[in-house]
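The residues making up each chain are set out below.
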Amino acid sequence: MPSTNLTKRDWEKDHVYLVQFPRAGCIPSPSPYAFKVETFLRVADIPYTNINNEFKKMSARGQIPFIELNGRQHADSTIIIDNLTEHFHKSDLEDLSASDKAIARAFFALLEHHLCWVSLYSRGQDFGWLATDTGFGRLLTGIKGFAFKNFIVKSFTKKVRGRAAAQGMGTFSREEVLDQAKKDLDAISTQLGDKPYLFGSSIKTIDVTAFAHLAELIYTPQFSPEIRAYIDEKVPNVMEYVIRIKEKYWPDWEETTNTMNMATVWKKA
Ligand SMILES: N[C@@H](CCC(=O)N[C@@H](CS)C(=O)NCC(=O)O)C(=O)O
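Residues numbered from 1 in each chain as written. Predicted model: local features only at pLDDT ≥ 70, side-chain atom pairs only at ≥ 80, totals over all residues. Heavy atoms only, no water.

Named according to an unreviewed UniProt entry, the chain is GST N-terminal domain-containing protein originating from Caenorhabditis elegans. Quoted verbatim from the Sequence similarities (unreviewed entry) field of the UniProt record, the comment on the chain reads "Belongs to the FAX family." (UniProt positions renumbered as here; feature names shortened; annotations may be inferred.)

Right under this line is the structure:
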């Protein structure tokens, strides 16, 4: 959408400015949506710069992530990726047979509109970690830290709990959520088989979506340790898949999560 309120006024042509939360201690972004967009930018090899929203700057839709590209704002991770694919001619990342496209579409719904809610359910139960070193703790000092711990985390928890209830997962018992998570993970594991990526030997946009949501499930605190144990023991190919993408596209993972630097260099020149 056209924006009269650009975050980056002296923008460079065809350079993406990604506005998102700052780095966290356990994962480069605790927002699965922002993490998805940033991973996509890396996979698609699109030049970008992160902009810290300081927990304040939101899109016209009232959320992060959003991007600014050539003086226009684009919000919602899925819409952003669709628009970037078109603008930068990255349709090879969507290049699948008609039947694989249909399966990828169904997996998109499983990941984005079902499995994602397991992590969000966990956050609705306990989001306290967001204010510790696992989350943004190291960035929160003084009055800002006090306000974040006492007000912002509580407001995030309430909001995500309400949304999880509206989606449905939030009304389930812990055992029911766990059961749903296992079924989703089994489906991903079966589709993956022994292939490097969901549809073969090359990475596609659906792998970016899968990576972002699975990484949140694996690397951020969950309501039950059984989730991680299930991934390690019952669907190890899913764990290997996440590690494969992490090592290839996030070699700076340790650096970003240790330093909170949003401008780490991830690609060798
Ligand atoms: N459908 C959106 C969801 C974005 C979203 O839920 N963002 C969260 C952070 S993970 C947010 O901005 N929450 C603040 C709020 O809704 O007030 C997308 O894909 O970008």
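There's plenty left to go through after this.
K.L.:
Mind showing me how you'd approach unusual backbone geometry here?
P.N.:
Both trends apply: most residues other than glycine have a negative phi, and most peptide bonds are in trans. With an omega of 0°, the peptide bond running from Ile 64 to Pro 65 counts as cis. Within the element layout of this structure, Pro 65 appears in the loop between strand S2 (48–52) and strand S3 (66–69). Even without being glycine, Asp 45 reaches a positive phi, approximately 60°. Judged by its relative accessible area of 46%, Asp 45 falls in the partly exposed class. We note that His 89 has phi near 55°; this positive angle belongs to a residue other than glycine. Structurally, the position occupied by His 89 is in the loop between helix H2 (77–87) and helix H3 (98–125). (Helix = DSSP H or I, 4+ residues; strand = E, 2+ residues; numbered from the N terminus. Buried < 20%, exposed > 50% of the residue type's maximum accessible area, 1.4 Å probe, protein only.)

K.L.:
Which parts of the structure should I look at to understand helix H7 (residues 225–233)?
P.N.:
Every α-helix carries 3.6 residues per turn, so stepping three or four residues along brings you back to the same face. If you check which residues of H7 are buried, you get Ile 227, Tyr 230 and Ile 231. Down the axis, H7 shows its buried residues gathered within 95° of arc, on one side only. For H7, the exposed residues lying more than 90 degrees away from the buried face are Pro 225 and Glu 233. Those residues of H7 that are buried lie in contact with H3, helix H5 (174–192), helix H6 (205–219) and helix H8 (236–249). (Arc of directions from axis to C-beta. Contact = heavy atoms within 4.5 Å.)

K.L.:
So what exactly am I meant to see when it comes to the site of the ligand here?
P.N.:
The environment of the ligand is formed by Phe 21, Ser 31, Tyr 33, Gly 62, Gln 63, Ile 64, Pro 65, Asp 76, Ser 77, Glu 112, Lys 159 and Arg 163. Separating a nitrogen atom of the ligand from a backbone N or O atom of Ile 64 is a distance of 2.8 Å. Between an oxygen atom of the ligand and a side-chain N or O atom of Lys 159, the distance comes to 2.6 Å. When the ligand is considered free in solution it has 510 Å² of accessible area, and contact with the protein chains removes 83% of it. (Near = heavy atom within 4 Å. Polar contact = N/O pair within 3.5 Å; in protein donor to acceptor, adjacent residues only side chain to side chain. Areas by Shrake-Rupley, 256 points an atom, 1.4 Å probe, with all protein chains shown as cover.)

K.L.:
For this particular structure, what's the right way to read the packing of H7 against H8?
P.N.:
When two helices pack together, their arrangement is given by the angle between the helix axes and the distance between those axes. Interhelical geometry of H7 versus H8 gives an angle of 95° and a closest axis separation of 5 Å. When the axis of H7 is compared with that of H8, the two are roughly perpendicular. Only Pro 236, Val 238 and Met 239 of H8 make contact with H7, whose side of the interface consists of Arg 228, Ile 231, Asp 232 and Glu 233. By residue class, the composition of the contact of H7 with H8 is 4 nonpolar, no polar and 3 charged. (Axes fitted to C-alpha atoms, helices over the stretch in contact; angles between N-to-C directions. Parallel < 35°, antiparallel > 145°, perpendicular 65-115°, else oblique. Nonpolar A, V, L, I, M, F, W, Y, C, P; charged D, E, K, R; others polar.)

K.L.:
Mind showing me how you'd approach the packing of aromatic side chains here?
P.N.:
The description of two aromatic rings rests on the distance between their centres and on the angle between their planes. In total, this model carries 16 aromatic pairs according to the counting rule given. Relative to Phe 55, the ring of Phe 21 lies with its centre 5.7 Å away and its plane at 40°, an arrangement referred to as tilted. Taken together, the residues span a long stretch of sequence, with Phe 21 in the loop between strand S1 (16–20) and helix H1 (32–43) and Phe 55 in the loop between S2 and S3 at a distance of 34 residues. When its relative accessible area of 15% is taken as the criterion, Phe 55 is described as buried. Judged by centre distance (5.1 Å) and plane angle (40°), the rings of Phe 35 and Trp 250 are tilted. Of the two residues, Phe 35 sits in helix H1 while Trp 250 sits in the loop between H8 and helix H9 (253–259), which places them 215 residues apart along the sequence. Side by side, Phe 35 and Trp 250 carry an identical accessibility label, which is buried. Joined through ring pairs, the aromatic side chains of Phe 21, Phe 55, Phe 127, Trp 129, Phe 136, Phe 148 and Phe 156 make up one cluster. Positioned above the aromatic ring of Trp 250 is the side chain of Arg 42, whose terminal nitrogen or guanidinium carbon lies 3.6 Å from the ring centre. (Phe/Tyr/Trp six-rings, centres within 6.5 Å; stacked < 30°, edge-to-face > 60°. Lys NZ or Arg CZ within 6 Å of the ring centre and 35° of its normal.)

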